[in-house]
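Breakdown of the fold
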Amino acid sequence: MDFNELKNRLKVLVKQVYSNRTVTPEEAIQYDELTKFPELKAVIVDLLTPEYDSFLASIDWVAPRPTTFRINLKNDQNFYLIYGKRSWVAQVAGKKYYLLNLPEEERAAEAIANLLRYGTKSDPEETGAGIDSIEAPAETPAETPPAETPEETPA
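Residues numbered from 1 in each chain as written. Predicted model: local features only at pLDDT ≥ 70, side-chain atom pairs only at ≥ 80, totals over all residues. Heavy atoms only, no water.

A cis amide bond, omega -10°, links Arg65 with the succeeding residue Pro66. By the secondary structure assignment, Pro66 is in the loop between strand S1 (56–63) and strand S2 (68–73). Residue Asp76 is not a glycine yet carries a positive backbone phi of 65°. One can find Asp76 in the loop between S2 and strand S3 (78–83). Positive phi is not limited to glycine here, since Ala93 has a value of about 55°. (Helix = DSSP H or I, 4+ residues; strand = E, 2+ residues; numbered from the N terminus.)

In structure tokens, the structure reads:
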């Protein structure tokens, strides 16, 4: 093998390695945070499977320190992913799960599945079961006193 063959072979191998690492253009357009924070994608894939795109509406970078992301689901629910000193922390429905521990990662995935399963909360206006939908009795107009007629004064 001469130098040119080796050079060409290395070019092909380098392209293959880097093509596997880059984010696909659809993900880059849809989720800008995944291009800025590649570790975030690995955590999302661990929690939601590689088909995460079917469930995510958007990803918001909420705070710089500790680095916090709001993961908005398509059913108008959300959860937070926080980058800690040792590992990621998932905050789902107010409860924190340290993703370094496998049992807690599994519980976090179950909590996210529950968020997805239960869906959105119904608005009282939509269901018609709210306080505003209870019909108030028809109000009768307040009785107005009869208009006083000025008394005639004799002239």
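Between helix H4 (residues 38–48) and helix H5 (residues 102–118), the least distance of the axes is 9 Å, while the angle of their chain directions is 70°. The pairing of H4 with H5 is recorded here as roughly perpendicular in orientation. Where H4 abuts H5, its residues Asp46, Leu47 and Leu48 lie against Glu105, Ala108, Ala109, Ile112 and Leu116. Classifying every residue of the contact of H4 with H5 gives six nonpolar, no polar and two charged. (Axes fitted to C-alpha atoms, helices over the stretch in contact; angles between N-to-C directions. Parallel < 35°, antiparallel > 145°, perpendicular 65-115°, else oblique. Contact = heavy atoms within 4.5 Å. Nonpolar A, V, L, I, M, F, W, Y, C, P; charged D, E, K, R; others polar.)

The next thing to look at is the packing of aromatic side chains. Per the counting criterion, the structure on display carries four aromatic pairs. Note on Phe37 and Trp61: the rings are 5.0 Å apart at their centroids and 70° apart in plane angle, and the pair reads as edge-to-face. Linking Phe37 in the loop between helix H3 (32–36) and H4 with Trp61 in strand S1, this pair joins segments that are 24 residues apart in sequence. By relative accessible area, which is 18% here, Phe37 ends up buried. Look at Trp61 and you get partly exposed, because its relative accessible area is 41%. Taken together, the ring pairs connect Phe37, Trp61, Phe69, Tyr83 and Trp88 into an aromatic cluster. (Phe/Tyr/Trp six-rings, centres within 6.5 Å; stacked < 30°, edge-to-face > 60°. Buried < 20%, exposed > 50% of the residue type's maximum accessible area, 1.4 Å probe, protein only.)

Such coordinate-based values are descriptive only and should not be taken to indicate function.
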